[in-house]
Amino acid sequence: MATSTLDTIDILTPDLYVERGYPHEEWTLLRREAPVFWYERENCAPFWAITRHADIITVSRQPELFRATQRLFATIDEPGVPPPEEALLRQLLNMNPPEHGAYRAVVSRRFTPAAVHRLAGHVQEIARQLIDEIADREECDFVTEVSAKLPLAVIAEMFGIPRSDWQMMFRLSNAMIGATDPEYMRGGTIMEGLQQARLEFFQYFSHLVEDRRKNPRDDLATALALGRVNSEELPAFELLSYFALLIIAGNETTRNATTGGLFALINNPEQWELLKRDPSLVRSAAEEIIRWTSPVIQFIRAATADTELHGRKIREGDVLALFYPSANRDEDVFDHPFKFDVRRTPNYHLAFGIGEHFCLGANLARLELQMIFREIAARLDQVELAGPIARMRSSFVGGIKHMPIRYKMRARSAA
Ligand code: HEM
């Protein structure tokens, strides 16, 4: 947008994300002219917009100085949005040291590279089945039929949640992350929708906890149900919040990387050809897809003391929003940052954050993306859009709700 100026740019209004996708031109302007920018607008509480890679690292690596808060991300003021002090969930992302580390340790060993590696065969089978299910047609909605199902199936399996309940998990997860999108709202205000979804999640997980305490199994639900923090059982609210976090965090993000990844391959046919010709590129391709799509738009932190960042004075209590997709186009870090390049190595993107809150599910997300794109590259001969994509109304997670595609598919054995 040639007319963008620092006084007028808008990087927060969710309707703009629906219409135009990510505001990359605005972020580029900010990185160049005001990388630590006091964003003061009529429609939101003011905050520092942090848009450069190096500054996001500086902030994220000082969890005592820049603390996680009850509110996770900056929003515009709109009717029904919960007030900042309202604690819908109490989970890792709004905890701080030392409590944060103690809680993270409850399940972290289930997400290490070795633990995730053990799931590979299973994730591959789920990816295959999903592609099988669309194989005898030539058109589908890639979001609802493939990319949304993959992470949901994987995390639900890890929890030991029966297949018959997966669809409900999907609906509740949408209702919590897409709370500001009309398609996912179920009547009432945003706050009412969130509270209703939380209630249903909590009721479901309470039964799961009860069951696993009586009949422990080797699954994530049992690890949580029997988990201890400082030798104590987890309090009910924190325990149920933990379940909800793992379901939600694992779903929306990986779904949007998968959809955005195929969208990028459709828009860059030479990259699609490269990947099809050389399947060994799937690792670097998955990493580039994560950089390129950067599904999490922002998380916020609050300064606990007066300090300075990139020459700007930050006061105690100031809120900082870390814009990860902007860091992932930073000209100081990436050669040709606006080129989608499945061979890009190294690829020091920040799509999973960094430091204290670095994404717990990063290894799992990588595995899921590698498996689905390996399958897609092997079996999809031609693919194109069959209609316009529909974006989610959110400036927190960059979501694509629908992506109709037309394709030609090879049978599994021919792949
Ligand atoms: C492409 C997919 C994903 C992306 C882009 C993503 C991104 C992120 C980001 C940006 C953070 C915050 C980092 C920070 O504040 O420094 C985060 C945290 C987290 N993610 Fe992911 N994530 C993805 C997939 C997953 C999956 C599959 C899970 C699995 C359950 C997961 C679970 C979590 C959890 C539990 C946290 C909180 C960690 C903490 O506060 O200690 N994520 N993720």
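Details of the structure are given in the entry above.
Residues numbered from 1 in each chain as written. Predicted model: local features only at pLDDT ≥ 70, side-chain atom pairs only at ≥ 80, totals over all residues.

1. Brief notes about the overall build of the protein
Check the secondary structure of the protein and you find 16 helices and 14 strands. The C-alpha radius of gyration of the protein comes to 21 Å, within 12% of the 22 Å expected for a compact globule of 415 residues. Here the C-alpha coordinates of the protein stretch approximately 60 × 60 × 40 Å along the principal axes. Sorting the 415 residues of the protein into buried and exposed places 44% on the buried side. Taking contacts inside the protein between residues at least 6 apart in sequence as the whole, the part at least 24 apart equals 72%. (Helix = DSSP H or I, 4+ residues; strand = E, 2+ residues; numbered from the N terminus. Rg over C-alpha atoms; globule rule 2.2 N^0.38 Å. Buried ≥ 20, exposed ≤ 12 C-beta atoms within 10 Å, placed from the backbone. Contact = placed C-beta atoms within 7 Å.)

2. Remarks on the sheet that holds strand S14 (residues 404-409)
The strand order across the open sheet built from three strands is S4-S14-S11, with neighbouring strands paired in antiparallel fashion. In the strand order of this sheet, the two ends are held by strand S4 (139-141) and strand S11 (380-385), each with one partner. If you compare each strand with its neighbour and ignore which way they point, the axes differ by 30° on average. Inspection of the sheet shows S11 paired to S14 by five bridges, in the antiparallel sense. The residue of S14 that forms the bridge with Leu 385 is Ile 405. (Pairing = 2+ DSSP bridges. Axes fitted to C-alpha atoms, helices over the stretch in contact; angles between N-to-C directions.)

3. Observations regarding the nonpolar core
Ala 49, Ile 50, Leu 320, Ala 321, Leu 322 and Phe 323 are the most contacted members of the largest nonpolar core, which has 104 residues in total. If you tally residues by element for this core, the top one is helix H12 (residues 236-267), at twelve residues. When neighbours within four sequence positions are excluded, Leu 322 is seen to be in contact with Ile 50, Ile 56, Val 59, Ser 60, Gln 298 and Phe 299. (Core = buried A, V, L, I, M, F, W, Y, C linked by C-beta atoms within 7 Å.)

4. What to know about the environment of Ser 108
Along the chain, Ser 108 falls in the loop between helix H4 (99-104) and helix H5 (113-117). C-beta crowding within 10 Å serves as the criterion here: with 13 such atoms nearby, Ser 108 is assigned to the partly exposed category.

5. Some remarks on the packing of helix H6 (residues 120-133) against helix H16 (residues 362-379)
At a minimum axis distance of 9 Å, the contact between H6 and H16 shows a crossing angle of 45°. Taken as axis vectors, H6 and H16 run oblique relative to one another. When the axes of H6 and H16 are compared, the crossing they make is right-handed. Here Ala 120, Val 123, Gln 124, Ala 127, Arg 128 and Ile 131 of H6 come into contact with H16, specifically with Leu 367, Glu 368, Met 371, Ile 372, Glu 375, Ile 376 and Arg 379. Across the contact of H6 with H16, the residue classes break down as eight nonpolar, one polar and four charged. (Parallel < 35°, antiparallel > 145°, perpendicular 65-115°, else oblique. Left-handed = near helix turned anticlockwise from the far one by under 90°. Nonpolar A, V, L, I, M, F, W, Y, C, P; charged D, E, K, R; others polar.)

6. Some details on the site of the ligand
Around the ligand there are 30 residues in total, and Gly 250, Thr 253, Gly 353, Cys 359 and Gly 361 lie nearest to it. At seven residues, the largest contribution of residues to the shell around the ligand is made by H12. Residues belonging to the shell around the ligand are distributed by class as follows: 21 nonpolar, eight polar and one charged. (Near = placed C-beta within 6 Å.)

7. Regarding the pairing of strand S7 (residues 298-303)
Judged by how many residues are buried, S7 sits mostly within the fold: five of six residues are covered. Two strands pair when backbone bridges link them, and S7 and strand S10 (residues 319-323) are joined in this way by five bridges, in the antiparallel orientation. When the sheet's bridge partners are listed, Ile 300 is paired in S10 with Ala 321.

8. Observations concerning unusual backbone geometry
Most peptide bonds are trans, and most residues other than glycine sit at a negative phi. In this chain, Pro 97 is followed by Pro 98 through a cis amide linkage whose omega measures 0°. Locating Pro 98 in the fold gives a position in the loop between strand S3 (66-67) and H4. Looking along the chain, the bond that leaves Thr 345 and enters Pro 346 is cis, with omega of -5°. A positive phi is found at Asn 230, a non-glycine position, where the angle reads about 50°. Position of Asn 230 relative to the elements: it lies in the loop between strand S5 (228-229) and strand S6 (232-233). Accessibility expressed as a C-beta count within 10 Å gives 7 for Asn 230, which makes it exposed. Look at Ser 231: it is not a glycine, yet its phi comes out positive at around 65°. In this fold, Ser 231 is placed in the loop between S5 and S6.

9. A few points about helix H2 (residues 24-33)
Taken together, the buried positions of H2 are occupied by Glu 26, Trp 27, Leu 30 and Arg 31. For H2, the angular spread of the buried residues around the axis is 135°, confining them to a single face. Facing away from the buried side of H2 by over 90 degrees, the exposed positions are Arg 32 and Glu 33. Taken together, the buried residues of H2 touch strand S1 (36-39), strand S2 (47-50), S10 and helix H15 (324-327). (Arc of directions from axis to C-beta.)

10. Some remarks on the pairing of S2
For S1 and S2, the ladder comprises four bridges, and the chain directions are antiparallel. Pairing of Val 36 across the sheet is with Ile 50, part of S2. As defined by bridge partners, S2 adjoins S10 across three bridges and the pair is classed as parallel. Its bridge partner being in S10, Trp 48 is matched across the sheet by Leu 320.

11. Observations concerning the packing of helix H14 (residues 282-293) against H16
The interhelical angle for the contact between H14 and H16, taken along N-to-C directions, is 115°, at an axis separation of 9 Å. Here the hand of the crossing between H14 and H16 comes out right-handed. Judged by residue contacts, Val 282, Arg 283, Ala 285, Ala 286, Ile 289 and Ile 290 of H14 engage Arg 366, Leu 369, Gln 370, Phe 373, Arg 374 and Ala 377 from H16. The residue makeup of the contact of H14 with H16, split by class, is eight nonpolar, one polar and three charged.

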